[in-house]
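Overview (structure and organization)
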Amino acid sequence: MYIIYYLKRNLVTSISYYGSCVLSQTILLLCILILPASASQIWEGTGRIISGVGEGGSVELQLEFDGEVVKSLSGPPLDGKINTEPSLNGVIKTKTATWEIEGCGEDLCVNLQQYNPKQTVFYRLQPKK
């Protein structure tokens, strides 16, 4: 009699253990599928070279913001991090330049100080549609 009780108890314990594992994995997979993926935001526009090589010229820039990561899709190379809360404001220093980014109403103003060639460029970007 004790052997039957022992076998039933172990069988119930094993089934409930594996059942809870399957249930928790199913819930985890559903949460991953339901949660939204972080969407990147692309800003683009033109800039004016305000000093240095090519002064007075016009240049294009396209930046991608993915969370705190900022990358240039066109224009001077940029791959850095910036605080995006509560707004897109901050400074990113790279080996070749210093990028000052701040919100300008509904636009994004970017002041770029390049080291080689030495020049300053002011961009006004809008969200890509």
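Before reading further, recall that the structure is shown in the block above.
This structure is a prediction, so every number in the text was calculated from the model and none was measured.

Let's shift gears to the pattern of salt bridges. Enumeration according to the criterion identifies 1 salt bridge in this entry. Close ionic contact of R124 with D107 constitutes a salt bridge, the shortest N to O distance being 3.0 Å. With R124 in strand 8 (residues 118-127) and D107 in strand 7 (residues 107-115), this residue pair connects regions lying 17 residues apart in the sequence. Assessed through its relative accessible area of 38%, R124 is described here as partly exposed. Given the relative accessible area of 19%, D107 is considered buried.

A separate point is unusual backbone geometry. The residue after N116, namely P117, is reached through a cis peptide bond having omega 5°. Turning to its location among the elements, P117 is positioned in the loop between strand 7 and strand 8.

Moving on, we come to the state of the cysteines. Evaluation of the coordinates by the stated rule reveals 1 disulfide. Here C104 pairs with C109 through a disulfide, and the sulfurs are 1.9 Å apart. When sorted by exposure, C104 lands in the same class as C109, which is buried.

Procedures and definitions
Residues numbered from 1 in each chain as written. Predicted model: local features only at pLDDT ≥ 70, side-chain atom pairs only at ≥ 80, totals over all residues. Heavy atoms only, no water. Salt bridge = Lys/Arg side-chain N within 4 Å of Asp/Glu carboxyl O. Helix = DSSP H or I, 4+ residues; strand = E, 2+ residues; numbered from the N terminus. Buried < 20%, exposed > 50% of the residue type's maximum accessible area, 1.4 Å probe, protein only. Disulfide = S-S within 2.5 Å.

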